[in-house]
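# Analysis of the macromolecular model
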There are 2 protein chains.
Amino acid sequence: MSIEPGDTRQRRRPARAARVTGELHQRPFGRVTRPYKPIEVLSADNVASLHETALKVLRDIGMRVLEDSARDHFRRAGAVIEGDTVKLDPALVMERLSTVPQSFTLAARNPARSLFIGGDDVIFASVGGPAYVMDNDGGRRDGTHAEMCDYLRVIQSLDIIHQEGGGPFEPMDLPANTRHLDLYRAQITMLDKSWQTQTLGRARTMDGLVLGALSLGLSMDELTRTPALLGIINTNSPLQLDIPMGEGLIAMAEHGQVNVITPFTLAGAMSPVTLAGALVQQHAEALLGIVLTQIVRPGVPVMYGGFTSNVDMRSGAPAFGTPEYAKAAQASGQLARHIGVPFRSSNVNAANEVDAQAAYESQMSLWGSVMGGAHLIEHAAGWMHGGLTASFEKLILDAELLQMMAAYCDPVVVDTESLALEAIRDVGPGGHFFGTPHTMERYQTAFYSPLLSNWDNHPNWLERGSVDARMRANTIWKQLLRDYEQPAIDAGRLEAIDAFIARRKLEGGAPLN
Amino acid sequence: MSIEPGDTRQRRRPARAARVTGELHQRPFGRVTRPYKPIEVLSADNVASLHETALKVLRDIGMRVLEDSARDHFRRAGAVIEGDTVKLDPALVMERLSTVPQSFTLAARNPARSLFIGGDDVIFASVGGPAYVMDNDGGRRDGTHAEMCDYLRVIQSLDIIHQEGGGPFEPMDLPANTRHLDLYRAQITMLDKSWQTQTLGRARTMDGLVLGALSLGLSMDELTRTPALLGIINTNSPLQLDIPMGEGLIAMAEHGQVNVITPFTLAGAMSPVTLAGALVQQHAEALLGIVLTQIVRPGVPVMYGGFTSNVDMRSGAPAFGTPEYAKAAQASGQLARHIGVPFRSSNVNAANEVDAQAAYESQMSLWGSVMGGAHLIEHAAGWMHGGLTASFEKLILDAELLQMMAAYCDPVVVDTESLALEAIRDVGPGGHFFGTPHTMERYQTAFYSPLLSNWDNHPNWLERGSVDARMRANTIWKQLLRDYEQPAIDAGRLEAIDAFIARRKLEGGAPLN
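Residues numbered from 1 in each chain as written. Chains lettered and ligands numbered in written order. Predicted model: local features only at pLDDT ≥ 70, side-chain atom pairs only at ≥ 80, totals over all residues. Heavy atoms only, no water.

### A short note on the overall build of chain A
The helix and strand inventory of chain A stands at 21 helices and 20 strands. Its C-alpha atoms give chain A a radius of gyration of 24 Å, near enough to 24 Å, the size a compact globule of 513 residues would have. Projected onto its principal axes, the C-alpha coordinates of chain A cover approximately 75 × 55 × 50 Å. Within chain A, contacts between residues separated by at least 24 positions form 77% of all contacts whose residues are at least 6 apart in sequence. A total of about 16,500 Å² of accessible surface is found on chain A, and carbon and sulfur atoms cover 50% of it. When the 46 positive and 58 negative side-chain charges of chain A are each reduced to one mean point, those points stand 1 Å apart. (Helix = DSSP H or I, 4+ residues; strand = E, 2+ residues; numbered from the N terminus. Rg over C-alpha atoms; globule rule 2.2 N^0.38 Å. Contact = heavy atoms within 4.5 Å. Areas by Shrake-Rupley, 256 points an atom, 1.4 Å probe, with all protein chains shown as cover. Lys, Arg positive; Asp, Glu negative; His and termini not counted. Charge placed at Lys NZ, Arg CZ, Asp CG, Glu CD.)

Structure follows, in structure tokens:
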């Protein structure tokens with residue numbers, strides 16, 4: 001790790017740096033349950049129109065399904081197959097949707113960190129899939145395995161993150177064909193939280209399933225009856241399911257694990273320029289993937305992924321955390337509830353720096369997602385550059401945003417004590433509430449304690465070095481990394497994991513897709 | 001104005017700076033109407049409990065009302081007066097509430113900029129009341145009259161700002177007793193938008209009312225029948241209405257103008273540490289002020305102001321844009337709707353820099369306010385440092401946030417054309433939507449165009465100078481200032497305004513409160 005401004009300052013002015021860093025305030029790991037009704041951006045009629053139009057897309061246009069065995073599954077279930085195109089009758093779709101579970105529990109290595117998905121709960125998963133890593137000190141760059149392990153350590157240390165999101169960035173110092181094995185080992189050993197598998201092709205997926213089972217001390221048969229692993233399946237929009245994703249989906253479903261079917265429908269590029277049209281296409285593609293999971297294994301848990309955003313029509317660049325994104329997330333939640341499938345959304349942005357833009361685009365995403373009724377928010381922490389980069393500082397910024405959303409979801413307590421009529425009477429006109437018994441009994445837990453926010457008055461803030469949020473985030477992740485403690489793991493399980501990885505490396509790992 | 005990094009770069013690298021600045025995208029001035037139901041953080045029973053408890057506060061504890069004529073008004077209306085304490089019977093409160101108009105229109109100097117307040121509309125007003133000014137170039141400092149005029153020019157130029165918020169900061173180069181007269185003249189001449197009066201004492205208020213009437217070409221009698229001016233009345237929490245605010249309230253109401261009754265209830269300091277208790281106290285104080293307006297002039301427009309936030313219990317510093325703030329804003333909206341009074345909320349934050357914290361706290365405030373059903377969002381643009389400072393860059397950041405909220409409030413269009421079944425069929429699996437007729441007919445207006453956001457890919461962003469959001473905001477307000485055009489004003493009206501101001505300055509202005 002390079003020497004960064006924060007460290008330098010800490011050595012120069014220990015007292016001030018300590019004030020900047022302070023004691024880190026974290027909300028304990030636990031369920032986040034939204035007590036408010038989701039925002040509905042569509043009327044019930046509009047939801048029905050979108051759903052019916054998507055069913056027409058699947059019946060009349062169909063989707064290309066490139067994986068042979070996936071088409072075989074559809075054929076046996078009664079779908080119309082024309083070349084590599086699969087067309088689904090609305091009745092077939094609706095019948096298969098009836099077996100989707102509305103909620104389920106994902107087992108984590110630490111049972112206290114198992115996750116309920118469904119109801120009004122929302123799960124925050126860290127960033128998955130970027131190519132690059134970034135921090136204040138080194139800017140954006142190819143990442144290494146050592147840096148990836150550091151990133152996972154911070155994820156483990158941030159209590160607001162429920163789940164690891166499938167590999168934060170590519171460790172470019174490792175060979176591509178076995179990289180996933182090293183990732184899985186790091187996910188299992190650096191964390192005791194739930195983690196996501198990579199679903200690009202059958203081999204990578206199966207390796208994740210085997211290692212997941214070993215990490216939980218389960219046989220493959222037991223795993224099939226125990227939802228524990230979750231994998232993101234992106235359709236190749238418009239209207240295609242490619243071979244690696246088809247393989248991943250089938251392997252996950254066969255083993256009772258959770259596919260998150262997520263069309264990548266950027267309005268104006270891979271889907272119609274109208275939000276309604278993009279949502280119709282998203283819904284059609286998601287329905288086909290969800291139906292496939294239920295054909296492979298009726299009753300297997302599956303999630304509806306909404307990722308509709310738009311491109312900047314001037315440059316063609318993807319835009320995230322926009323007003324359209326917030327509306328699409330909330331509309332997607334309505335569509336998912338319409339068909340009774342748990343809903344996944346995301347915390348996305350297209351900013352280049354951990355600045356005001358990164359914050360306001362992420363906030364638009366989070367309000368869109370949380371108040372859209374999302375059960376899983378993927379990329380909830382760390383995502384930058386439209387998904388190309390995982391940032392250490394963004395992890396901290398997002399942890400603050402997530403903690404704030406969790407605190408927002410703590411219901412307002414209204415009872416005789418909290419209404420405080422007697423306290424108001426005791427203090428009376430012109431008094432103050434500092435130090436009164438009613439205040440003293442409650443002040444330590446009354447309000448949200450921030451992780452990142454600084455509420456110094458301005459002269460103090462200047463005196464303490466004018467440390468902005470991005471620089472404070474840099475100090476915080478380094479403190480978390482210093483304080484990290486690796487969770488214990490059963491020695492026998494670790495041995496089995498290492499033996500499996502050694503064998504799979506000898507075999508050459510996974511083919512490159 | 002000092003030379004800033006943006007200007008320097010522009011001279012060195014004109015082509016690149018132009019790309020950074022680009023063409024400024026503004027949503028045209030116009031109504032913003034929320035098509036979604038407000039978020040309800042309280043059950044109907046809880047709303048009733050809070051309201052009933054507030055009525056008990058007014059009946060049993062009462063409020064100190066320091067202004068003699070205000071107590072006289074209450075006495076004549078049947079209130080119980082004990083010393084300077086006013087106690088209100090619930091029946092009296094509810095009877096007086098029945099005359100409050102649920103909506104009204106505020107006349108602006110440019111009739112196209114008159115404002116409807118009520119229904120599902122939301123009005124964005126700029127920052128009002130800070131002591132200091134701040135920008136990237138000079139940091140925080142005492143402001144001058146010239147800088148204040150520049151600030152008003154930027155407010156006029158930002159189309160998303162509906163109303164000026166009552167003076168952005170103190171022009172410290174002007175004498176305190178006549179400063180308000182120079183402010184009013186600047187508000188009238190730099191802007192053709194609606195603006196707010198200063199309501200600290202009768203003299204300042206009356207000067208604003210006279211100048212407002214002159215600016216609109218109205219007699220004082222005509223003004224009384226024409227809502228045009230809006231003033232913020234803060235109670236002196238807990239449970240006090242002081243003399244200057246009492247005078248301001250009465251003068252505004254007597255002349256048919258709009259008081260915004262806003263208790264300053266920081267939970268844990270000026271109100272109970274529990275959110276429910278702070279809201280009870282806010283509601284009681286707001287009710288008393290609202291009732292007084294209706295006693296002074298039944299049917300006069302008035303607004304319910306919610307400003308409940310909390311202090312940081314470790315330092316005593318006020319915290320804004322917190323989870324508690326968002327919940328309090330939405331609960332306040334429920335309380336205001338419960339009594340049928342238009343609702344005012346705010347865009348607040350406690351950040352020290354225009355950084356990620358400023359953005360995420362403001363976003364919490366805006367989602368709290370807009371989805372709390374606010375009809376007026378005060379401090380919607382420019383507010384920093386918990387209200388002590390008006391920032392030029394924050395004006396731009398907030399304009400972006402407000403434009404995004406306005407675009408979020410554009411309903412999703414669902415009809416045959418937008419559902420795009422034929423476009424999806426035409427493109428088919430594996431195609432793309434760039435350049436299709438369905439896209440080409442719509443792409444120019446399909447999506448939100450940002451004012452501040454930069455969606456360059458990362459290599460381009462680095463190549464173009466790594467300009468973060470705060471620095472871009474600096475470039476943008478300077479461009480707006482360069483392009484500013486002063487709105488025309490009727491010569492006769494201006495002459496009358498200047499004559500009045502000259503006379504009032506000779507008289508010595510207003511007493512210092």
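Now that the structure has been shown, we can carry on.
### Quick word on the nonpolar core
Nonpolar side chains in soluble globular proteins tend to be buried together. Of all hydrophobic cores here, the largest spans 283 residues; its most connected members are Tyr408(A) and Tyr408(B). In this structure, Ile188(A), Leu223(A), Leu229(A) and Met252(A) belong to the second largest nonpolar core, which totals 19 residues. (Core = buried A, V, L, I, M, F, W, Y, C linked by side-chain atoms within 4.5 Å. Buried < 20%, exposed > 50% of the residue type's maximum accessible area, 1.4 Å probe, protein only.)

### Describing the packing of helix H10 (residues 243-254) of chain A against helix H11 (residues 275-296) of chain A
Residue and element names in this part refer to chain A. At a minimum axis separation of 9 Å, H10 and H11 run at an interaxial angle of 45 degrees. Accordingly, the angle class assigned to the pair H10 and H11 is oblique. Crossing angle aside, the handedness with which H10 passes H11 is right-handed. On H11, the residues that touch Leu-249, Ile-250, Ala-253 and Glu-254 of H10 are Gly-289, Leu-292, Thr-293 and Val-296. Residue composition of the contact of H10 with H11, grouped by class: five nonpolar, two polar and one charged. (Axes fitted to C-alpha atoms, helices over the stretch in contact; angles between N-to-C directions. Parallel < 35°, antiparallel > 145°, perpendicular 65-115°, else oblique. Left-handed = near helix turned anticlockwise from the far one by under 90°. Nonpolar A, V, L, I, M, F, W, Y, C, P; charged D, E, K, R; others polar.)

### Examining the environment of Tyr484(B)
All names here are of chain B. Mapped onto the elements, Tyr-484 comes out in the loop between helix H20 (469-483) and helix H21 (491-506). Tyr-484 gets classed as buried once you look at its relative accessible area, which sits at 13%. Taking the C-alpha atoms as reference, Tyr-484 lies 28 Å from Ser-466; in sequence the two are 18 residues apart. Excluding anything up to four places from it in sequence, Tyr-484 contacts Arg-153, Gln-156, Ser-157, Thr-189 and Met-190.

### Overview of the environment of Gln257(A)
Residue and element names in this part refer to chain A. Relative to the helices and strands, Gln-257 resides in the loop between H10 and strand S12 (258-263). Measuring from C-alpha to C-alpha, the distance between Gln-257 and Glu-378 comes to 17 Å, with 121 residues separating the pair along the chain. With residues near it in sequence (within four places) discarded, Gln-257 still touches Leu-209, Leu-223, Thr-226, Pro-227, Ala-228, Leu-229, Met-252, Val-300 and Pro-301. Here the side chain of Gln-257 touches Thr-226 through a polar contact of 3.1 Å, landing on its backbone oxygen. A distance of 3.0 Å separates a polar side-chain atom of Gln-257 from the backbone oxygen of His-255. (Polar contact = N/O pair within 3.5 Å; in protein donor to acceptor, adjacent residues only side chain to side chain.)

### Focus: the interface of chain B and chain A
In this assembly, 110 residues from chain B lie in contact with 110 residues from chain A. Both faces combined, the contact of chain B with chain A buries some 9,100 Å², and carbon together with sulfur accounts for 71% of it. Sorting the residues of chain B by area buried against chain A places Tyr360(B), Phe447(B) and Trp455(B) first, and these three jointly supply 9% of that buried surface. Taken together, the connections running from chain B to chain A amount to zero salt bridges. At the surface where chain B touches chain A, the tally comes to 36 residue pairs in polar contact (both at pLDDT 80 or more). Tallied by class, residues from the side of chain B that touches chain A come to 59 nonpolar, 32 polar and 19 charged. (Buried area = accessible area lost by both parts, 1.4 Å probe. Salt bridge = Lys/Arg side-chain N within 4 Å of Asp/Glu carboxyl O.)

In short, shape yes, function no, at least from these values alone.
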